[in-house]
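Here is how the chains run, residue by residue.
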Amino acid sequence: MHLFYSKKQRVVNPPVFDESGTIGTALLGCVDEESSVKVQCDIRPSVSKTRDPKCYYLKLLLYVLELPLYLPRRLTIPAVSEEKWSKPFAVSSAILSPILVAALLNTQGRNGDAKTSLAIYMTAILVGIILGTSAFVSTKNVSPPRNCLLPWLVGGFLMSITWTYVVAEELVSLLVAFGNILGISPSILGLTVLAWGNSVGDLISNLTIALRGGPDGAQIAVSGCYAGPLFNTLVGLGLSLGFASWSEYPSSYVIPKDSDLYETLGFLIGGLLWALVILPKRNMQLDKSLGFGLLAIYFCFLFMRLVKGLGLLKIGSSFYPNLG
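Residues numbered from 1 in each chain as written. Predicted model: local features only at pLDDT ≥ 70, side-chain atom pairs only at ≥ 80, totals over all residues. Heavy atoms only, no water.

The name given to the protein chain in an unreviewed UniProt entry is Cation/calcium exchanger 1, with Forsythia ovata as the source organism. In its Sequence similarities (unreviewed entry) section, the UniProt entry covering the protein chain states "Belongs to the Ca(2+):cation antiporter (CaCA) (TC 2.A.19) family. Cation/calcium exchanger (CCX) subfamily." Taken verbatim from the UniProt record of the protein chain, the Subcellular location (unreviewed entry) comment is "Membrane". (UniProt positions renumbered as here; feature names shortened; annotations may be inferred.)

Given below as structure tokens:
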């Protein structure tokens with residue numbers, strides 16, 4: 001989007017020197033508060049007409065396509081930076097954030113009745129009105145709050161996690177839908193498209209740190225490679241299973257049978273054991289043997305899962321007949 005939208009030009013008033021050489025005040029050095037508010041409250045990208053009408057209409061089309069995705073997040077995620085500050089949006093985010101969380105809770109709860117859903121919505125509306133009133137009274141039109149930044153930052157962080165969860169749910173649903181349409185197993189899509197797309201950001205950041213991070217860059221990159229999956233496995237899986245069990249309470253949460261789970265855990269343990277054996281032998285020095293070994297383990301895992309997912313190799317049920 002940033003390639004098509006021109007940046008806002010910020011005019012800085014230069015100092016004015018009088019005849020004696022002293023700095024005076026520029027004629028346009030004072031900007032009233034209302035004009036600055038109008039600039040800050042503008043949510044539209046720059047779609048001003050250019051010399052090329054095709055470029056203008058292309059920008060306008062991209063703006064129309066982006067607005068349904070941008071506006072809901074802008075109305076529910078508090079932003080307290082100087083560049084994105086807008087009091088109307090800050091007040092609206094304080095009001096609408098609890099309502100979004102309530103809607104998410106009601107859609108996730110399968111066993112909730114109408115009275116419980118109504119109580120959740122009424123509580124969220126009441127909390128939103130209180131937060132919106134507080135934000136309207138305690139904030140200014142020109143600049144974000146200076147003293148009480150912690151509640152805004154915590155709210156922005158929690159709402160960002162909420163939107164990440166919503167997008168992740170839609171992504172999984174799309175993967176399942178594409179799998180049903182194309183006749184591809186959802187596990188294969190998750191193993192390839194979802195796994196690579198979820199890890200490409202960490203891959204780029206780890207490579208950058210390892211190559212340009214100085215003498216400690218490789219150590220930081222390796223620590224990040226193991227710390228990220230460890231957090232996802234322990235915290236992500238723990239929270240997911242906890243919320244899933246809570247949504248099914250008082251009945252128990254049934255995990256679907258999957259014989260491939262043991263293979264995945266086996267290859268994961270194999271990669272950890274390979275690093276645990278090679279690093280002490282190399283005096284904790286990273287070399288090509290560690291990298292090639294880990295790549296070989298991953299490609300073996302990927303080959304076996306793809307072959308089984310395509311139906312070329314049917315094993316697992318004979319090894320684990322009583323699984324589950």
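Having seen the model, we can carry on.
Caption draft 1: Just the packing of aromatic side chains, in detail. Following the criterion strictly, the structure yields four aromatic pairs and no others. Over the ring of Phe 89 we find Arg 74, and its NZ or CZ is 4.6 Å from the ring centre. Between Lys 87 and the ring centre of Phe 136, over which it is positioned, the NZ or CZ distance is 4.4 Å. (Phe/Tyr/Trp six-rings, centres within 6.5 Å; stacked < 30°, edge-to-face > 60°. Lys NZ or Arg CZ within 6 Å of the ring centre and 35° of its normal.)

Caption draft 2: Here's a closer look at the UniProt feature "transmembrane region" (unreviewed entry) in the protein chain. UniProt records the feature "transmembrane region" (unreviewed entry) at residues 118-137, 149-168, 175-197, 261-279 and 291-313, using the numbering of this structure. Strand forms 0% of residues 118-137 and helix 100%; the C-alpha atoms that close the span are 29 Å apart. Annotated as residues 149-168, this span is 100% helix and 0% strand, and its ends, taken at the C-alpha atoms, are 28 Å apart. (Helix = DSSP H or I, 4+ residues; strand = E, 2+ residues; numbered from the N terminus.)

Caption draft 3: Expanded view of the confidence of the model for the protein chain. With 77% of its residues at a pLDDT of at least 70, the protein chain reaches an overall mean of 76. Averaged pLDDT values for the elements of the protein chain fall to 42 in helix α1 (residues 33-40) and rise to 89 in helix α4 (residues 114-138). Here residues 316-324 is modelled with pLDDT under 50, and outside its nearest four sequence neighbours on either side it reaches nine contacts, counting other chains as well. (pLDDT = per-residue confidence, 0-100. Contact = heavy atoms within 4.5 Å.)

Caption draft 4: Spotlight on a nonpolar patch on the surface. On the surface, Val 101, Leu 105, Leu 230, Phe 231, Leu 234, Val 235, Leu 239, Phe 243, Trp 246 and Tyr 249 cluster together into a nonpolar patch covering about 1100 Å² of accessible area. Put simply, the parts of the chain that give the nonpolar patch at least two residues each are α3 (87-108) and α7 (217-248). At seven residues, the largest contribution of residues to the nonpolar patch is made by α7. Topologically, Trp 246 is positioned in helix α7. (Patch = residues over 30% accessible without salt bridge, like charges linked within 9 Å, V, L, I, M, F, W, Y side chains within 5 Å. Areas by Shrake-Rupley, 256 points an atom, 1.4 Å probe, with all protein chains shown as cover. Salt bridge = Lys/Arg side-chain N within 4 Å of Asp/Glu carboxyl O.)

Caption draft 5: The arrangement of helix α5 (residues 149-182) in detail. Between its terminal C-alpha atoms α5 stretches 49 Å, which fits the 50 Å expected from 34 residues at 1.5 Å a residue. The complete set of buried residues in α5 reads Trp 152, Gly 156, Met 159, Thr 162, Trp 163, Leu 175 and Gly 179. Looking one or two residues beyond α5, the residue adopting positive phi is Gly 183, at roughly 75°. (Expected span 1.5 Å × (residues − 1). Buried < 20%, exposed > 50% of the residue type's maximum accessible area, 1.4 Å probe, protein only.)

Caption draft 6: Spatial organisation of the environment of Glu 83. With respect to the helices and strands, the residue Glu 83 is situated in the loop between α2 (53-76) and α3. For the pair Glu 83 and Pro 144, spaced 61 residues apart in sequence, the C-alpha separation works out to 9.7 Å.

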